[in-house]
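# Structural description and commentary
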Amino acid sequence: MTTTTDRRSASSEQYRVIGTRPIRHDGLEKVTGAAKYGADTQLAGMLHGKILRSPHAHARIRSINTSKAEALPGVFAAATSKDFPIIQDQVIDFAESQGSVRQMAEHVMAHEKVLYKGHALAAVAAANPHIAEQALALIEVDYEVLPTVLTLHDALKDNAPILHDNLTTMFRVERSARGEDTGIKGNIAGHIQHKLGDIEKGFAEADVIVEREFETQTVHQGYIEPHAATAVWAADGRVTIWTCTQGAFAIRSSTAAIMGIPESSVKVVPTEIGGGFGAKITTYLEPVATVLSKKSGRPVKIVMNRKEVFEGTGPTSATHMRCKIGVTKAGKITAAQLYLAYEAGAYPGSPVGGGAMAATAPYNIENLLVDGYDIVCNKQKVQAYRAPGQPQACFAVESVIDELSEKLGIDPMEFRLMNVSKQGDRMPTGVPHAIVGCREMEEEMRTHPHYTTPLDGPNRGRGVAVGFRLQGGQASSATIHVNSNGTVNLITGSVDIGGTRTAVAMQAAEVLGLRAEDVSPTVVDTDSIGYTAVTGGSRTAFDTGLAAMAAAEEVKRQMSARAALIWEVQEEDVVFQDATFICNKNPADRLTFRELAGRLLRTGGPITCSATSSTGGVGPIIAGNIVDVEVDPETGKVDILRCTAFLDAGTAVHPSYVEGQMQGGTVQGIGWALNEEYFYTDDGAMNNSSFLDYRMPITLDLPMIETMITEVPNPRHPYGLRGVGEAPIIPPLAAVANAIHDAVGVRMTELPMTPGAILEALEAKSVQK
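Overview of the structure. Small disclaimer: the values here were computed from a predicted structure and weren't measured. (Residues numbered from 1 in each chain as written. Predicted model: local features only at pLDDT ≥ 70, side-chain atom pairs only at ≥ 80, totals over all residues. Heavy atoms only, no water.)

A ring pair, where both rings are aromatic, is described by two values, the distance of the centres and the angle of the planes. For the structure on display, the rule yields 12 aromatic pairs. Aromatic pair Phe310 and Tyr678: ring centres 6.0 Å apart, planes at 70 degrees, arrangement edge-to-face. Of this pair, Phe310 sits in helix H10 (residues 306-312) while Tyr678 sits in the loop between helix H19 (655-674) and strand S29 (706-711), and the two are 368 residues apart along the sequence. Assigned by exposure class, Phe310 and Tyr678 land together as buried. Seen from their ring centres, Phe310 and Tyr694 are 5.1 Å apart, and the 50 degrees between their planes marks the pair as tilted. One end of the pair, Phe310, is in helix H10; the other, Tyr694, is in the loop between H19 and S29, with 384 residues separating them in the sequence. For the residue pair Phe310 and Tyr694, the accessibility class agrees, reading buried in each case. In this structure an aromatic cluster arises from ring pairing among Phe310, Tyr678, Tyr680, Phe691 and Tyr694. Above the ring of Phe76, the side-chain terminus of Arg298 is found at 4.7 Å from the ring centroid. Of note, Arg322 hangs over the ring of Tyr339, and the distance from its end group to the ring centre comes to 4.2 Å. (Phe/Tyr/Trp six-rings, centres within 6.5 Å; stacked < 30°, edge-to-face > 60°. Helix = DSSP H or I, 4+ residues; strand = E, 2+ residues; numbered from the N terminus. Buried < 20%, exposed > 50% of the residue type's maximum accessible area, 1.4 Å probe, protein only. Lys NZ or Arg CZ within 6 Å of the ring centre and 35° of its normal.)

Shown next, in the form of structure tokens:
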């Protein structure tokens, strides 16, 4: 185990490139404004699309009439869901949950019902955006307004209106993939359960039991760049789409399925992306732009405004949770029980599974019962947000863990270490833990100067929390071209949202003995690379890195064969060491990588090597926070005085990027804890759909986030990598709540912990006295 806070990673002592901090390959284009983002696409004859969105949270669509809009001069096409072939051919199969293409199509464009305010239901393409806006006002929609089922609490009432007539609850136990259809109709789309041991026995053995309820609200990912897509339907039926997405192949698949055309007829060109955090994996605009282009015969570009981003795309789930944990006087956790209810929004598919799997995973708990519920309601269909579902569940568990340590009189970090999970212990799913630096990171937290330095002053407090995530892997592809000057071009399909271009290039460079600057990475379209899954799940540096490494190994093999040809020996007589090919039979015969690259055209032609990787899992991740706050008892305002983020990165490929992910996730978690929420009116309208009113932290709100990287190598990767993009957002919610309690003695169980909420808690505390 190693840790790093200095300019060089400990891994840089072991490797040539891994662990160093080269300048990012795409840095110059981005800082000079030359990089092209989704809205920057410009094509000859291009039209501008606009989307009509529902003013109601729940209504039946009696009719839509676009004839007046189509008659407006400058309008070239109009579209509704009836223009999607999938709408006519299939009905929604809710047993397929998020995999239902028909469900996806109705999310992109409402068909029989609108299910949230902002739900798209018609679109136009016009010569300019102003005409398109005028045309939207001419579309006539006849609604039958239905009762709004705004929250999970509304959805679970006995007399609640049913959002989907054919929705039944799917019950899934532990590791079963599909689950069992219970046949029970209602607004509960899914129930997942994890069970270990005997919780009744476990709670009977406990000397101290704490049980609390928790509530969190809907929050947005807060990416700066709005969604944008441009589509061209060519005369030969081929479609080209330019879009800011986290997954070009996912957009290809969904657009092809919704439009009823082969995937081979769709090419998706991913632009640079100005943030996504999981929310730009799904499709919103691409099928709409495609159908408008087909009907108009012209390229069509659609760009959302900020209000549309908030009201028409997916935030993360609001939740209601109960957490009960029992411990002995000696500090051993004997049992835990969790109830997790997550809002899915308009269609099934909340991240409750992530919360259920990870909430108690930092601890070795032999007796455990977790029940998670996926609940539909009249809000935007939720999408991924960094570590989907896990910050909310961690907020509940880590708050109770902190309260237990207080009741037992045990140091909070010592209590966590007494119950820390280790390799071989059972996760809530029953699967044994793999190697992860949980103990190592928590020991770093306990001995860190931030934790050991006294915090003086009134109304000041310190809180800690840890969070777990199990990363999943998917398929990636990479191609390497060797250039005559000894450099290489690295081609991948992984959209870069966090420095993965450079992180993947560094792994290829390590294999080939090159500098990072000698590898030129490019992200290409779906026609130019093999299948590559989405950039998400903290998988890209790991999975696409493995594909790049495999391609680099094949480059070495083929170049060794060329060297053998030159020296007239067998291929196995050539070794590669320190970027040099050496003949074992005659060590004086040697060629550097650059020298041999210059002779390729004379020894058989250019070398281009492709490879794929499908790992099936990246492995476990652990993150932690220490947070110091000061609470103003007169106003309830919370100031963050100091914050340190901890993470087991396995091996930090580019430490600066790892630190950036740690800092970014921590800041988002602090915003979630203190400020951020969708403010809905009773009829389902969002009243704060702008960055002015949806309050995210800015630089003036926070100190510099300190970082501590722990490196316990992941045995699933040759260089020991783990994912780093998601876990840092998990612990801040609970760490801030625990710090507030330490400062002013109130347990905050609802998010966000706004000044008003803290004042109410302080007033309630004074009344109890």
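Moving on: the sheet that holds strand S3 (residues 59-65). Spatially, the 3 strands line up as an open sheet ordered S5-S3-S7, and their pairing is antiparallel. Each edge of the open sheet is held by one strand with a lone partner, namely strand S5 (113-114) and strand S7 (140-145). The sheet contact formed by S3 and S5 spans 2 bridges and is antiparallel. In the strand pairing of S5, Arg60 is matched with Lys113. (Pairing = 2+ DSSP bridges.)

A few words now on the packing of helix H4 (residues 101-108) against helix H8 (residues 248-259). In contact at an axis separation of 10 Å, H4 and H8 are set at 90 degrees when each is read in the N-to-C sense. On the basis of their axis angle, the class for H4 and H8 is roughly perpendicular. Mapping the contact onto sequence places Val101, Met104, Ala105 and Val108 in H4 and Ser254, Ala257 and Ile258 in H8. Classifying every residue of the contact of H4 with H8 by side-chain character gives 6 nonpolar, 1 polar and no charged. (Axes fitted to C-alpha atoms, helices over the stretch in contact; angles between N-to-C directions. Parallel < 35°, antiparallel > 145°, perpendicular 65-115°, else oblique. Contact = heavy atoms within 4.5 Å. Nonpolar A, V, L, I, M, F, W, Y, C, P; charged D, E, K, R; others polar.)

This paragraph deals with the pairing of strand S8 (residues 168-173). Pairing geometry for S8 and strand S9 (residues 180-185), over 3 bridges, is antiparallel. Bridging across to S9, Phe171 finds its partner in Glu180. Here 4 bridges tie S8 to strand S10 (residues 188-196), and the two strands are oriented parallel to one another. Bridge assignment links Met170 to a residue of S10, and that residue is Gly190.

Okay, the nonpolar core next. Looking at soluble globular proteins, one finds that nonpolar side chains tend to be buried together. Residues Ile740 and Met753 are the most contacted members of the largest nonpolar core, which totals 102 residues. For Met753, the contacting residues outside a window of four places in its chain are Ala673, Leu674, Leu733, Val736, Ala737, Ile740, Met748 and Ile758. Met506, Val511, Ala547 and Val618 belong to the second largest nonpolar core, which has 47 residues in total. (Core = buried A, V, L, I, M, F, W, Y, C linked by side-chain atoms within 4.5 Å.)

Geometric values such as these leave the question of function open.
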